[in-house]
Amino acid sequence: MTMEIQPYLFFDGRCEEAIAFYRDALGAQELMKMRFKDAPASNDYQTAPELADKIMHATLAIGSTHLLMSDGQAGEKKTEHAGFSLSVTVKDVATGEKHFNALAQGGQVTMPFQKTFWTDGFGMLVDKFGVPWMVNVQHEGA
């Protein structure tokens, strides 16, 4: 078995919206989605009624990577995504611009998508959920 690192993001009650956004922006495929109300009853854990329809766990496939996500304990605390960026590598500039612009909708561009010394297209942004992204065009020969 090969070890993999898979990002797991919490969306403080906006996970359903994030799934739809990443489906549109990146062509993500929903592999699995479980709501809190789907968890088996247990004496150890009781789902708060206001969380019943929120996402306990979801898995999206984006290219060959899985993005794991949840609403977490929605409303319990403000979710802050910091100290990392999710990086998307694409094969050409047109695809890079398309994904960059889609992810930037409602977010904040921190470095416009542009040619750099290492590639014909690179940009950085924070999406509308506060998730930092880098979009990079694969350098020829890489």
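This report concerns the structure included in the present document. (Residues numbered from 1 in each chain as written. Predicted model: local features only at pLDDT ≥ 70, side-chain atom pairs only at ≥ 80, totals over all residues. Heavy atoms only, no water.)

Side note on the nonpolar core
Under the convention used in this document: Put simply, a nonpolar core is a bunch of buried Ala, Val, Leu, Ile, Met, Phe, Trp, Tyr and Cys residues held in one set by side-chain atoms that sit within 4.5 Å of each other. Partly exposed residues are those whose accessible area sits between 20% and 50% of the maximum for their type, while under 20% is buried and over 50% is exposed, using a 1.4 Å probe and protein chains only. Think of it this way: any DSSP run of H or I at least four residues long counts as a helix, any run of E at least two long counts as a strand, and we number them from the N terminus. Throughout, a contact is declared for two residues whenever any of their heavy atoms are within 4.5 Å.
Counting residues in each nonpolar core, the largest one holds 29 residues, and the members touching the most others are Phe11, Tyr22, Met69, Leu103 and Trp133. Taken together, the elements giving at least two residues each to this core come down to α1 (15-26), β3 (55-62), β4 (65-70), β5 (86-90), α2 (93-104) and β8 (132-137). It is α1 that provides the largest number of residues to this core, a total of 7 residues. Excluding residues within four positions of it along the chain, Trp133 makes contact with Tyr22, Leu26, Ser85, Leu86, Val88, Leu103, Gly123, Met124, Leu125 and Asp127.

Here we look at the pattern of salt bridges
Basically, it comes down to this: What counts as a salt bridge is simple: a side-chain nitrogen of Lys or Arg found within 4 Å of a carboxyl oxygen of Asp or Glu.
All chains considered together, the criterion is met by 8 salt bridges. Asp120 serves as the salt-bridge partner of Lys115, at 3.5 Å between the closest nitrogen and oxygen. Residue classification places Asp120 among the partly exposed residues on the basis of a relative accessible area of 45%. Among the charged side chains, a network of salt bridges with common partners joins Glu16, Arg23, Glu30, Lys33 and Arg35.

So, the sheet that holds strand β1 (residues 8-10)
We count it as follows: Two strands make a pair as long as DSSP finds a minimum of two bridges between them. For helices, the fitted axis covers only the stretch in contact; all axes are lines through C-alpha atoms, and the angles between them, taken along N-to-C directions, range from 0 to 180 degrees.
In space, the 4 strands of this open sheet follow the order β1-β4-β3-β2, with mixed pairing throughout. A strand with exactly one partner marks an edge of an open sheet, and here the two such strands are β1 and β2 (29-35). Here the strands of the sheet are splayed against their neighbours by 20° on average, with no regard to which way each runs. For β3 and β4, the ladder comprises 5 bridges, and the chain directions are antiparallel. Counted as the bridge partner of Thr59 is Leu68 from β4.

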